[in-house]
Every structure is written in C-alpha cells, then in structure tokens.
Amino acid sequence: MNRNLKTILFYLLHLIGFVILFFILRDLDWEAFFREFRTVPVWKYAAGLMILIVVYVAKSYRWYMLNRAFQINTTWKDSFVFYLSAGFLSVITPGRLGEFAKIYFLRKKYHTDMASSTSSVLLDRIWDVLVLSCIAGISLIILVFSEPNLISVILISLLFLFSLGVIVFPGILFKPLLFLTRRMINMNESLKGIFLLWKQNMFKNFLPAFIISLLAFLGLAFIPCLFSMGTAYGIPYHAGIASISISNILSFIPITIAGFGTRELVFTEVWSYFEHPKEVAISVSISYFMVTYLGSLVLGGIVYLSQMRKLYSIRAIRRL
C-alpha cells in the first residue's frame, strides 16, 4: 500500500474518536458543564497527580522485575525514568511511540537484543491489558446486575481463566501470530524468539506482577471517584473501575487520539446508570484527562527533556 495512503488512513481512523465526541457534545448544556467543572477543588487535582505518581512507581517496578527475569540488568531508577519518558512520548505522538521507546531505551543503554527487549516490553503491556479485561468484566457485571447471580459468576470465572491462560500458556497468543507471519521470515523469527523467552520466564515474579498490576489499576480507577466524591453526583467505586477499565481498553483500538471520544462515551454511559446528567460525566472525564494525560506530559516531559533528550532523540526512536 502506498505510504501516503497509509498515512491518510491512519489519521482518518483516529478521527473517529472526534466524530464520537461531536455527537456526545452537540446537545451538551455548556452552562451546566462549566458550573460543575468549576466546582472541582484544586486539592483533588493535586491528589490525583500524587496517585498517578504512585501508579508510575508501581508499574516501573513491575517492569524492572520483568527485565531482571529476562536477564536485562536494569536499575529501578532507570526503569522509572524510562517509564515516565515513554509516557511523555505516548502523549505527544500518535501511534503509541512510548512503547517502542522503551525497547529503544533498553537497546541503547543496556545493549539488549531485540527479542529480549521486545519480550520485556510486550509482557509488561499485556499485564495491563489482561488485568484491565478481567477487572472491566467484573465491574461491568456488578454495575449491570444489582444482585449476584449464576450468570455473573460464570462470566467472571471465564474471563479470569482466559486472562490467566494467555499468561500461563502464551501459545494461545503466539501460535496464531506465528501461523499468520509464516511467510514473513524476519518477523516470524523474531516472534519465535520472543515466544521462547516468554515460555522460559513466564512464571518468574508471576504473583508480584499480578498484585502490582492490580493495585496500580485500582489506584488509577479511584481518580474519577475522587472527583465525584463529596458532590450530589457521587458514584460507587466499582463504577469508577468500570469507566476507567473500559475506556482504557477502547484506547487500544486505533480510532482515537488521547482517548478523546471513547473516554467521554464510556463515562457518559456509566454515569447514566445512576441517572446523573451528561454534563457531570463529561466534567469528571475532563478532570481525569487533565490529571492523567497532562500529568504524564508534565512529569514525563521534565524527566525526558532534562535527562534523556540528548541521548534518545524522537527521530532515532522513530527509526527503530
């Protein structure tokens, strides 16, 4: 496919999120929205930012453990700096450049091979996806069914077993990929190397990685509850978990930039379960965005520009 055509399709796909956002905002009562938005005290933004820092510390430690399991002898400090810098690059560039940046950082500073560094970054990301999918299912079931029932128990069990199965039996993920790339020799060989490393290291730090992933996400999911707390439109914690987990899962689909549109859609739907106005949901959604994305922009930007920029240029990362 022509390179220019690929670029056009890439941006057209990402515009879908803004189309969704338009339909959500077209009948918004802007006066009511700004009234709600202005009532959020500054201390809640500060508290949300502190939670975000704790989440980054926890996730960087998980990645540090995974690196050690793959014989990549990083320090926790480097893992934390790399994580913050990658978060910054993900915010300022489309296409999740931050994930590729972590591979580049490892190869540049620790001279790792592509299979090891990719395995580490991929497994770290999959922990997020699997915990998100598991928690999203549980919180949605609680949200939809006010009382426990057999169907909800079965669905939770199946979702948990599937999530666990992908980690414990990586062939579920890799064997279809290896089959699809069998004619792409270089990619197929790289995937084989990653698959082998994963099988050798999947049980190392399994329980700590799961606990850290779970706690980090639960901390992140508390932020929207924090913004609604103390107002007439408060929501229970499981609703906050549902809004964050589902919107984060949708952000992996390449139809949005920085979650615009998909995040507002999810927040609006979740808040509607409690008959809260759309204006309140959008107010909390924007506040959450300011903490997470702008927090990543500021914190990660300071770290990247002060410690990483001269050694790790964006242009070099893109070449990788």
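Rules and cut-offs
- Residues numbered from 1 in each chain as written.
- Predicted model: local features only at pLDDT ≥ 70, side-chain atom pairs only at ≥ 80, totals over all residues.
- Heavy atoms only, no water.
- Helix = DSSP H or I, 4+ residues; strand = E, 2+ residues; numbered from the N terminus.
- Expected span 1.5 Å × (residues − 1).
- Buried < 20%, exposed > 50% of the residue type's maximum accessible area, 1.4 Å probe, protein only.
- Polar contact = N/O pair within 3.5 Å; in protein donor to acceptor, adjacent residues only side chain to side chain.
- Contact = heavy atoms within 4.5 Å.
- Axes fitted to C-alpha atoms, helices over the stretch in contact; angles between N-to-C directions.
- Parallel < 35°, antiparallel > 145°, perpendicular 65-115°, else oblique.
- Left-handed = near helix turned anticlockwise from the far one by under 90°.
- Nonpolar A, V, L, I, M, F, W, Y, C, P; charged D, E, K, R; others polar.
- Phe/Tyr/Trp six-rings, centres within 6.5 Å; stacked < 30°, edge-to-face > 60°.
- Lys NZ or Arg CZ within 6 Å of the ring centre and 35° of its normal.
- Patch = residues over 30% accessible without salt bridge, like charges linked within 9 Å, V, L, I, M, F, W, Y side chains within 5 Å.
- Areas by Shrake-Rupley, 256 points an atom, 1.4 Å probe, with all protein chains shown as cover.
- Salt bridge = Lys/Arg side-chain N within 4 Å of Asp/Glu carboxyl O.

Let us now look at helix 12 (residues 237-251). For helix 12, with 15 residues, the first-to-last C-alpha span of 21 Å sits near the 21 Å given by 1.5 Å per residue. Turning to helix 12, its buried residues are Ala239, Gly240, Ile241, Ala242, Ser243, Ile244, Ser245, Ile246, Ser247, Asn248 and Ser251.

As a further point, take the side chain of threonine 268. One can find threonine 268 in helix 13 (residues 262-272). With a relative accessible area of 14%, threonine 268 lands in the buried category. Within polar-contact distance, the side chain of threonine 268 engages the backbone oxygen of glutamate 264 at 2.7 Å. The contact partners of threonine 268, leaving out residues within four places of it in the chain, are Ile24, Lys278, Ala281 and Ile282.

Axis separation between helix 4 (residues 42-69) and helix 5 (residues 76-92) bottoms out at 8 Å; the angle between their running directions is 120°. By the angle between their axes, helix 4 is oblique relative to helix 5. Handedness of the crossing formed by helix 4 with helix 5: right-handed. Facing helix 4, whose interface residues are Tyr56, Val57, Lys59, Ser60, Tyr61, Arg62, Trp63, Tyr64 and Asn67, helix 5 presents Trp76, Ser79, Phe80, Phe82, Tyr83, Leu84 and Gly87. For the contact of helix 4 with helix 5, the per-class residue count stands at ten nonpolar, four polar and two charged.

The subject of this paragraph is the environment of valine 168. With respect to the helices and strands, valine 168 occurs in helix 8 (residues 150-168). For the pair valine 168 and tryptophan 198, spaced 30 residues apart in the sequence, the C-alpha separation amounts to 9.5 Å.

This paragraph deals with the packing of aromatic side chains. On inspection of all chains with the given rule, the structure shows 19 aromatic pairs. When the ring of phenylalanine 260 is compared with that of phenylalanine 289, the centres are 4.9 Å apart and the planes differ by 50°; the resulting orientation is tilted. With phenylalanine 260 in the loop between helix 12 and helix 13 and phenylalanine 289 in helix 14 (residues 278-308), the pair connects residues that are 29 residues apart, well separated along the chain. Looking at phenylalanine 289, the relative accessible area reads 14%, which means it is buried. One residue, lysine 102, lies across the ring of tyrosine 83, its end atom 4.2 Å from the ring centre.

On the surface, Leu5, Ile8, Leu9, Leu12, Leu15, Phe18 and Ile257 cluster together into a nonpolar patch covering about 590 Å² of accessible area. The biggest single contributor to the nonpolar patch is helix 1 (residues 3-14), with four residues.

Function cannot be inferred from these measures alone, as they are strictly geometric.
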